[in-house]
Amino acid sequence: MELYLDTADVAAVARLARIFPLAGVTTNPSIVASGKKPLSVVLPELQEALGSKGRLFAQVMATQAEKMVDEALALREIIPDLVVKVPVTPEGLAAIKMLKTKGVPTLGTAVYGAAQGLLSALAGADYVAPYVNRVDAQGGDGIKTVTELQQLLTLHAPGSKVLAASFKTPRQALDCLLAGCEAITLPLDVAEQFISAPAVTAAVAKFEQDWQNAFGSLSLK
């Protein structure tokens with residue numbers, strides 16, 4: 001299972017990489033734009049924050065296949081093992097096919113349906129990113145979409161992985177993992193929710209209080 005953070009916040013990645021068993025960091029144009037740092041700056045910073053371990057993902061901006069390929073190759077000049085995110089449009093599918101022949105790993109992104117995701121996998125995408133909460137927001141069923149996509153990839157494109165994205169709650173992420181997803185990417189607020197549990201904090205405080213009352217300190221010695 002691969003766990004990613006969906007952010008371009010370098011300080012947050014450095015802080016959470018110490019805690020989480022991260023496989024890397026995913027970004028998208030909106031995330032990068034919010035930080036106001038160009039990819040040529042932020043991608044190396046994110047790589048350093050990860051301790052030079054883990055994969056980075058960045059997205060092309062072009063809408064025509066040949067230009068998408070050019071941008072993908074330019075991104076790989078910044079980070080040689082970068083996974084290139086390509087929106088699963090008709091031109092995006094063509095770009096994924098071309099990048100496959102060049103040995104460039106891709107992620108089919110902006111996936112709102114299982115069939116759309118399957119097409120990107122068949123075109124050669126290494127990862128497929130269904131937008132769980134955004135599907136829900138449009139009146140669909142994000143978890144059902146992920147479940148169907150996972151089944152389709154298992155049957156017809158076993159070389160590709162679902163990398164589920166767009167979460168509002170930890171429960172959504174867990175449901176994707178229970179559906180068989182091999183990878184998820186969490187926004188910072190959802191990642192924080194995984195490790196912030198008031199009941200756990202209260203339990204630890206009770207342990208400390210009982211120990212302090214019995215032995216006069218919090219040391220085991």
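My aim in this report is to walk through the structure given alongside it, one point at a time. What you see is a predicted model, and the numbers here were worked out from it, not measured in a lab.

1. What about the packing of aromatic side chains?
Now for step 1: Applying the stated criterion to the full structure yields 4 aromatic pairs.
Now for step 2: An angle of 80° between the planes, with centres 5.1 Å apart, marks the rings of Tyr4 and Phe57 as edge-to-face. Here Tyr4 is found in strand S1 (residues 2-6), whereas its partner Phe57 is found in strand S3 (residues 55-59), with 53 residues between them in sequence.
Now for step 3: According to the relative accessible area criterion, Tyr4 is buried, its value standing at 1%.

2. Comments concerning helix H3 (residues 39-49)
Now for step 1: Residues of H3 that are buried: Val42, Leu43, Leu46 and Ala49. An end-on view of H3 places all buried positions within 125° of arc, on one side of the element.
Now for step 2: The elements touched by buried residues of H3 are helix H1 (10-17), strand S2 (24-26), helix H2 (29-35), S3 and helix H4 (65-78).
Now for step 3: Two residues or fewer after H3 comes Gly51, characterised by a positive phi angle close to 75°.

3. Here's the deal with the sheet that holds S2
Now for step 1: Pairing is parallel around the closed barrel formed by 8 strands, whose spatial order is S1-S2-S3-S4-S5-S6-S7-S8. Each adjacent strand pair in this sheet contributes to an overall mean axis angle of 25°, direction not counted.
Now for step 2: As defined by bridge partners, strand S5 (residues 106-111) adjoins strand S6 (residues 127-130) across 3 bridges and the pair is classed as parallel. Opposite Gly108, over in S6, you have Val128 as the bridge partner.
Now for step 3: Here helix H6 (residues 114-123) sits on the sheet in contact with S5 and S6, set at roughly 165° to S5.

Cut-offs applied
- Residues numbered from 1 in each chain as written.
- Predicted model: local features only at pLDDT ≥ 70, side-chain atom pairs only at ≥ 80, totals over all residues.
- Heavy atoms only, no water.
- Phe/Tyr/Trp six-rings, centres within 6.5 Å; stacked < 30°, edge-to-face > 60°.
- Helix = DSSP H or I, 4+ residues; strand = E, 2+ residues; numbered from the N terminus.
- Buried < 20%, exposed > 50% of the residue type's maximum accessible area, 1.4 Å probe, protein only.
- Arc of directions from axis to C-beta.
- Contact = heavy atoms within 4.5 Å.
- Pairing = 2+ DSSP bridges.
- Axes fitted to C-alpha atoms, helices over the stretch in contact; angles between N-to-C directions.

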